[in-house]
Amino acid sequence: MKNITLSVHNLKKVIRGKEIIKGISFELKQGEVFGFLGPNGAGKTTTIRMLVGLIKPTSGSIHIGGYNIVDHFEPAMRNLGCIVENPELYPYLSGYDNLLHFARMLEAIGEERIKEVTELVGLTDRIHDKVKTYSLGMRQRLGIAQALLGSPKVLILDEPTNGLDPAGIREMREFIRFLAEKEDLSVLVSSHLLSEIQLLCDRVAIITKGSIIRTDSVETLLANRERVVWRFQPFERGKQVLSSVTSIEETEDGTILTEFHETQTPEWNKMLVEAGVSVMEMNRKLPVLEDLFLELTGGNKIE
Ligand SMILES: Nc1ncnc2c1ncn2[C@@H]1O[C@H](COP(=O)(O)OP(=O)(O)O)[C@@H](O)[C@H]1O
Ligand SMILES: [Mg+2]
């Protein structure tokens, strides 16, 4: 079994009399990318600020690398790299000098490690240029290089793709996966974007209004959730045929949704044709977390 690198137990945060985080628990395993998914205001950043020691939990416990962050703050933080909101960088210094500056604040980080993290984040060619000439994606990667200087076991990124263009988002996603695999890092990534988490993460915790409503592997969350979009004529006759064999859902644009089954779906198609219905479209629809989220929250829309 993989090591647990970060564990959170019954964590709560009350701010000015209001319970913002309502007793959440989850664990990260070594080498996995764990998604923290929830709409704006759900409590992702507040949780992350507690994990990285920026604010104090009201109650509950956090262990990083086996150390309780209250009793053993220093060793716990040595196991952690993070970027909360935006990386803190000096725009008028080169990437290299930024790293050098942060390396001096840590123990025993030599030039060798600076070179290593620079290569890891793919900035070797540009590392001596001033940070103000970097693209947003490059700044993010430099921020991650900085977070990795101390060889942490856990990396925490709060909405790392915010503000990036689609190409930048894809690059960041591939990069985070690469890091988890190459460095055997646990990465906690928060996001309000379902598609993002779906493509990036091994497991996901869905958070809304300060509570985690479900934690599972992305695979499990999406299993048996494939649908088929049907378009046919005559409509009423087709509906009759399909609803006699499976449950159907009518959409606003005049199509019908059913479940997808490897063996039964072609049979349904055959039944339609035999009943004199022309099938114009029969489209397998990949599952999205959005549907799941809507179901779990009873229509609480994300984004
Ligand atoms: N310092 C604070 N004082 C009062 N309310 C806060 C504070 N920080 C966060 N909140 C509230 O806590 C909730 C969760 O915020 P946040 O953790 O930033 O959500 P997310 O990162 O998921 O968008 C929001 O309703 C926010 O207004
Ligand atoms: Mg946030």
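First things first, this report covers the structure right here in the doc. (Residues numbered from 1 in each chain as written. Chains lettered and ligands numbered in written order. Predicted model: local features only at pLDDT ≥ 70, side-chain atom pairs only at ≥ 80, totals over all residues. Heavy atoms only, no water.)

Here's the deal with the nonpolar core
Then step 1. The biggest cluster of nonpolar side chains holds 47 residues, and the ones touching the most others in it are I144, L155 and V187.
Then step 2. Sequence-distant contacts of L155, that is, excluding residues within four places in its chain, are made with G81, C82, I144, A147, L148, L179, L185, S186, V187 and L188.
Then step 3. Residues L11, F34, L51 and V154 belong to the second largest nonpolar core, which totals 26 residues. (Core = buried A, V, L, I, M, F, W, Y, C linked by side-chain atoms within 4.5 Å. Buried < 20%, exposed > 50% of the residue type's maximum accessible area, 1.4 Å probe, protein only. Contact = heavy atoms within 4.5 Å.)

Section: the site of ligand 1
Then step 1. Around ligand 1, the structure places I15, R16, I20, P39, N40, G41, A42, G43, K44, T45 and T46.
Then step 2. A distance of 3.2 Å separates an oxygen atom of ligand 1 from a polar backbone atom of A42.
Then step 3. Separating an oxygen atom of ligand 1 from a side-chain N or O atom of T46 is a distance of 2.5 Å.
Then step 4. Protein coverage of the free-state accessible area of ligand 1, which is 560 Å², stands at 61%.
Then step 5. Broken down by element, the residue count for the shell around ligand 1 peaks at three residues, all from helix 1 (residues 44-51). (Near = heavy atom within 4 Å. Polar contact = N/O pair within 3.5 Å; in protein donor to acceptor, adjacent residues only side chain to side chain. Areas by Shrake-Rupley, 256 points an atom, 1.4 Å probe, with all protein chains shown as cover. Helix = DSSP H or I, 4+ residues; strand = E, 2+ residues; numbered from the N terminus.)

Some points on the sheet that holds strand 6 (residues 80-83)
Then step 1. Taken together, the six strands give an open sheet; going across it, the order is 6-7-8-3-9-10, and neighbouring strands pair in mixed fashion. The sheet is open, and its two borders are formed by strand 6 and strand 10 (211-217), each paired with just one other strand. For this sheet, the mean inter-axis angle between neighbouring strands, taken without regard to orientation, is 15°.
Then step 2. Across the face of the sheet, helix 1 comes into contact with strand 3 (33-37), strand 6, strand 7 (154-158), strand 8 (186-191) and strand 9 (203-208) while running at roughly 150° to strand 8.
Then step 3. On the sheet, helix 5 (residues 136-148) packs against strand 6 and strand 7 and is oriented at approximately 160° with respect to strand 6. (Pairing = 2+ DSSP bridges. Axes fitted to C-alpha atoms, helices over the stretch in contact; angles between N-to-C directions.)

Digging into the packing of aromatic side chains
Then step 1. Per the counting criterion, the structure on display carries four aromatic pairs.
Then step 2. In textbook terms, an aromatic cluster arises when at least three aromatic residues are bridged by ring pairs, as seen for F26, F34 and F36. (Phe/Tyr/Trp six-rings, centres within 6.5 Å; stacked < 30°, edge-to-face > 60°.)

Section: the pairing of strand 4 (residues 59-64)
Then step 1. Two elements, strand 1 (residues 4-15) and strand 4, share five bridges in a ladder whose sense is antiparallel. Note that in strand 4 the partner of K12 across the bridge is S59.
Then step 2. Here strand 4 pairs with strand 5 (residues 67-68) via two bridges, running antiparallel. When the bridges of strand 5 are listed, I64 appears paired with Y67.
Then step 3. If you look at the hairpin formed by strand 4 and strand 5, you'll find two residues sitting between the two strands, and G65 has a positive phi there, around 60°.

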